[in-house]
Amino acid sequence: MFTAKLPALRTSRRGLLKGAALATVLGASLNVMRSVAAFAADAAGWPAEAFKLKSQDDTLKALYGKTAEASDKVKLDAPEIAENGAVVPISVSTTLPKVTSISLMVAENPNALAASYKIPEGTIPAVSNRLKMAKTSKVIAVVESDGKLYSASKEVKVTVGGCGG
């Protein structure tokens, strides 16, 4: 009968802990690199300048290069009175075809653009968010559909809180 002699393996608790620590560091490093790559891909289409603008007209020009027309096919759901301006619930939906983006603006905020969403083809064009509002203001929802812009707006009264404190 043939038997092979294996070299004596010296395993210790210290060696096991070092190996586990090395595997953890390696795994964390790979996760960080994946996150950075994903963020860089998303940042390429990020409309950074549009988020810095003060007026809604300038914001529309920066985002889309054109103006929007009011439409009853854009449904903006917002409260009449917001008791806390720090968390104002807003929802936007539409029955328009070929929607490619939905943007939310707050006219009296320090920066008009509050949120902008790209809508992938084949998804239901509806978004919800909680916006921070500095004071009573008009909220504007802009929907890009088939190359044209449509909008809806609503006045929201803010009683407490808001961006300014």
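Residues numbered from 1 in each chain as written. Predicted model: local features only at pLDDT ≥ 70, side-chain atom pairs only at ≥ 80, totals over all residues. Heavy atoms only, no water.

## Things to note about the pairing of strand S6 (residues 113-118)
Here's step 1: Pairing between strand S5 (residues 99-106) and S6: five bridges, direction antiparallel. Residue pairing in the sheet places Met105 in a bridge with Leu113 of S6.
Here's step 2: Taking the residues between adjacent antiparallel strands as the criterion, S5 and S6 are bridged by six residues. (Pairing = 2+ DSSP bridges. Helix = DSSP H or I, 4+ residues; strand = E, 2+ residues; numbered from the N terminus.)

## A short note on the confidence of the model for the chain
Here's step 1: Residues at a pLDDT of 70 or more form 79% of the chain, whose mean pLDDT is 83.
Here's step 2: By mean pLDDT, helix H1 (residues 13-43) is the weakest element of the chain at 67, and strand S2 (residues 74-77) is the strongest at 96. (pLDDT = per-residue confidence, 0-100.)

## With respect to the side chain of Glu144
Here's step 1: Within the secondary structure layout, Glu144 lies in strand S8 (residues 137-145).
Here's step 2: Among buried Asp, Glu, Lys and Arg side chains, Glu144 stands out as unpaired, with Lys66 the closest opposite charge at 4.3 Å.
Here's step 3: Leave out the neighbours within four places in its chain, and Glu144 touches Tyr64, Lys66, Lys98, Val99, Thr100, Ser101 and Leu149. (Buried < 20%, exposed > 50% of the residue type's maximum accessible area, 1.4 Å probe, protein only. Lys, Arg positive; Asp, Glu negative; His and termini not counted. Salt bridge = Lys/Arg side-chain N within 4 Å of Asp/Glu carboxyl O. Contact = heavy atoms within 4.5 Å.)

## A look at the pattern of salt bridges
Here's step 1: Within the structure shown, the criterion is met by three salt bridges.
Here's step 2: Close ionic contact of Glu49 with Lys52 constitutes a salt bridge, the shortest N to O distance being 3.7 Å.
Here's step 3: With relative accessibility at 52%, the residue Glu49 sits in the exposed group.
Here's step 4: We note a salt bridge from Lys135 to Glu108, for which the minimum N-O separation is 3.8 Å. Placement of the pair is Lys135 in the loop between strand S7 (126-131) and S8 and Glu108 in the loop between S5 and S6, with a sequence separation of 27 residues.
Here's step 5: Among the residues examined, Lys135 registers a relative accessible area of 45% and is labelled partly exposed.

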